[in-house]
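So you can see what is in the structure, the chains are spelled out below.
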Amino acid sequence: MRQSKLLGKTRKEAPKDEEARNAQLLIRAGYVHKEMAGAYAFLPLGWNVIKKIEQIIREEMDAVGGQEMHLTALQNKASWEASNRWDDQVLDVWFKTQLQAGGEVGLATTHEEPLTNLLTDHIASHRDLPTYAYQIQTKFRNELRAKSGLLRGREFRMKDLYSFSKTEEEHQEFYEKAKQAYKNVFDRLGIGERTYLTFASGGSFAEFSHEFQMVTEAGEDTIYVDEEKGIAINEEVYNDEVLEKLGLKKENLKEVKATEVGNIFSLGTRFSLPLKLMYKDEAGEPQPVVMGSYGIGSSRLIGAISEALADEKGLSWPRAISPFDIHLIQLQDEVKEDAESLYNKLTEKGYSVLLDDRDKSAGEKFADSDLIGISKRVVVGKRGIENGTYEVTDRSTGETADMKEEDVCQI
Ligand code: ATP
Ligand code: MG
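Computed from a predicted model, the values in this text were never measured in an experiment.

Turning to the side chain of arginine 300, a few remarks are in order. Inspection of the secondary structure assignment puts arginine 300 in helix H7 (residues 298-309). At 5.1 Å, glutamate 260 is the nearest oppositely charged side chain to arginine 300, a buried residue that forms no salt bridge. Arginine 300 has contacts with Leu150, Leu151, Arg152, Thr259 and Glu260, leaving out every residue within four places of it along the chain.

Printed below as a string of structure tokens:
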């Protein structure tokens, strides 16, 4: 991609009404456009990062047997009335609207009800279970406050997987697999070290649910981390009794701010009973399906990671989710052909490359490159060309080395 043609320009200032550092940075670097409070459009750079985050999630969900599908965002009131959540106070974040033809519909806040309802057409026997369905799509929640930028959207992206099992035991087996899959996701995203499996309130079907909390000052949650054990506890369940149960000691815990990037939840028969999702067991007796739900906020992740890893110069992406593999900077007009030639070689090698071919000063190009934060930068300049080398810099460590072409092709 040539930067002269890239849709999305860097800016000196973020909009005045934007308070969140993640959104300020992402807007200034040309990743997102603020449509209104709580609603952000993704420009090509931002969309590249979202696609990479979601592809990692997809691979890990597929690896534990998840089947990707796509449900509707328009919601049928009847399914939600069946579970008593159409007028639920907890879910009092609905965007609802009237149909011209009469009747009310909602925009999806989550998808337990429609998926449970859908599966009544496809699950009948114990042979149909267990099964795991997931999707990655837009959710709508009329959040009261939308001041945390991408961390709390009124329109946001989520991966949600739902498990359908015959028994509690079978459910637990998958639940443990999902925990591991989530750990893999956060490790691969480059935030494994700052993301903790966190005990949180469980609802009526399990003592605890498990959140995955990424430590960041920008987070809205408070958690207590036991660094040695690598687990944490949400303040909502922080009390002596729970500490004892989990074998945690107050003096080993550190209070930190964090944002929930994912969570997993046992649902028992909370939805299968009211929506009549039953299967016939081996004796031919009808039984309710045992469910679980597993969410990851992919648009919250782009916000959380951008803010946590940024420095005073701008964004700094982990390699796995950098919008391009390499930012190739053509320093002067005279090296245009050299830059083009290296661009073609790197592209042929399979790297995705953003070539800064713009007619700008070196200073402006470097500043923009730091702001955009692609994980590797390769500079093509007159002096280097004379020596047969290119300057390669790692955005996160700042380490720089002069490399020959064959080495650049292996970074
Ligand atoms: P929170 O407590 O932060 O409001 P939640 O418990 O409402 O989160 P879930 O309904 O479990 O969240 O949604 C699953 C995931 O979706 C969350 O772990 C989070 O990463 C993401 N998410 C939830 N609400 C938002 C939002 N308003 N904007 C962006 N991402 C969100
Ligand atoms: Mg919420």
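Tyr31, Phe186, Leu189, Ile233, Leu301 and Trp317 are the most contacted members of the largest nonpolar core, which totals 63 residues. Counting the residues that make up this core, at least three belong to each of domain 1 (11-309) and domain 2 (324-408). Ignoring any residue separated from it by four or fewer positions in sequence, one finds tryptophan 317 in contact with Leu26, Tyr31, Val49, Ile302, Ile305, Ser306, Ser322, Pro323, Ile372, Gly373, Ile374 and Ser375. Membership of the second largest hydrophobic core comes to 17 residues, among which are Ile326, Leu328, Val335 and Tyr351.

This part is about the sheet that holds strand E5 (residues 95-98). What the 3 strands build is an open sheet, ordered E4-E6-E5; its pairing is antiparallel. Among the strands making up the open sheet, the edge pair consists of strand E4 (74-76) and E5. Sheet twist, expressed as the average angle between the axes of neighbouring strands with direction ignored, equals 40 degrees. For E4 and strand E6 (residues 104-107), the ladder comprises 3 bridges, and the chain directions are antiparallel. Residue pairing across strands places glutamine 75 opposite glycine 106, the latter belonging to E6.

Turning next to the domain arrangement of the chain. By the assigned domains, the chain splits into domain 1 (11-309) and domain 2 (324-408). Taking the mean C-alpha position of each, domain 1 and domain 2 sit 39 Å from one another. On the side of domain 2, 5 residues touch domain 1, which itself brings 8 residues to the contact. Each partner contributes to the roughly 510 Å² buried at the junction of domain 1 and domain 2, and carbon and sulfur atoms together form 60% of this total. Inspection of the region where domain 1 meets domain 2 yields 1 salt bridge.

Looking now at the site of ligand 1. Taken together, 13 residues sit near ligand 1, with Arg141, Glu143, Gly153, Glu260 and Asn263 positioned nearest. The contact in question runs from an oxygen atom of ligand 1 to an N or O atom on the backbone of valine 261, over 3.3 Å. Here asparagine 263 contributes a side-chain N or O atom positioned 2.8 Å from an oxygen atom of ligand 1. Considered on its own, ligand 1 offers 590 Å² of accessible surface; in the complex 81% of this is hidden by protein. Looking at the shell around ligand 1, the elements that each hand over two or more residues are strand E8 (155-165) and strand E13 (254-268). With 4 residues, the top contributor of residues to the shell around ligand 1 is E13. Within the shell around ligand 1, the residues separate by chemical class into 4 nonpolar, 4 polar and 5 charged.

Between two packed helices, the angle of one axis relative to the other and the distance separating the axes together describe the packing. Between helix H2 (residues 44-63) and H7, whose axes approach to 10 Å, the crossing angle comes to 115 degrees. As H2 packs across H7, the resulting crossing turns out to be right-handed. Along its contact with H2, which presents Gly46, Val49, Ile50, Ile53, Glu54 and Ile57, the element H7 presents Ser298, Ser299, Leu301 and Ile302. Looking at the contact of H2 with H7, its residues break down into 6 nonpolar, 3 polar and 1 charged.

Let's shift gears to unusual backbone geometry. Cis geometry marks the peptide bond from leucine 129 to proline 130, where omega comes out at 0 degrees. You can see proline 130 is positioned in the loop between helix H4 (112-119) and strand E7 (131-140). Backbone geometry places asparagine 84, a non-glycine residue, at a positive phi of 70 degrees. Assignment of secondary structure puts asparagine 84 in the loop between helix H3 (77-82) and E5. Positive phi outside glycine occurs at lysine 276, with the angle close to 60 degrees. Within the element layout of this structure, lysine 276 appears in the loop between E13 and strand E14 (278-280).

Reading the values: the criteria
- Residues numbered from 1 in each chain as written.
- Chains lettered and ligands numbered in written order.
- Predicted model: local features only at pLDDT ≥ 70, side-chain atom pairs only at ≥ 80, totals over all residues.
- Heavy atoms only, no water.
- Helix = DSSP H or I, 4+ residues; strand = E, 2+ residues; numbered from the N terminus.
- Buried < 20%, exposed > 50% of the residue type's maximum accessible area, 1.4 Å probe, protein only.
- Lys, Arg positive; Asp, Glu negative; His and termini not counted.
- Salt bridge = Lys/Arg side-chain N within 4 Å of Asp/Glu carboxyl O.
- Contact = heavy atoms within 4.5 Å.
- Core = buried A, V, L, I, M, F, W, Y, C linked by side-chain atoms within 4.5 Å.
- Domains from an automatic or database assignment.
- Pairing = 2+ DSSP bridges.
- Axes fitted to C-alpha atoms, helices over the stretch in contact; angles between N-to-C directions.
- Buried area = accessible area lost by both parts, 1.4 Å probe.
- Near = heavy atom within 4 Å.
- Polar contact = N/O pair within 3.5 Å; in protein donor to acceptor, adjacent residues only side chain to side chain.
- Areas by Shrake-Rupley, 256 points an atom, 1.4 Å probe, with all protein chains shown as cover.
- Nonpolar A, V, L, I, M, F, W, Y, C, P; charged D, E, K, R; others polar.
- Left-handed = near helix turned anticlockwise from the far one by under 90°.

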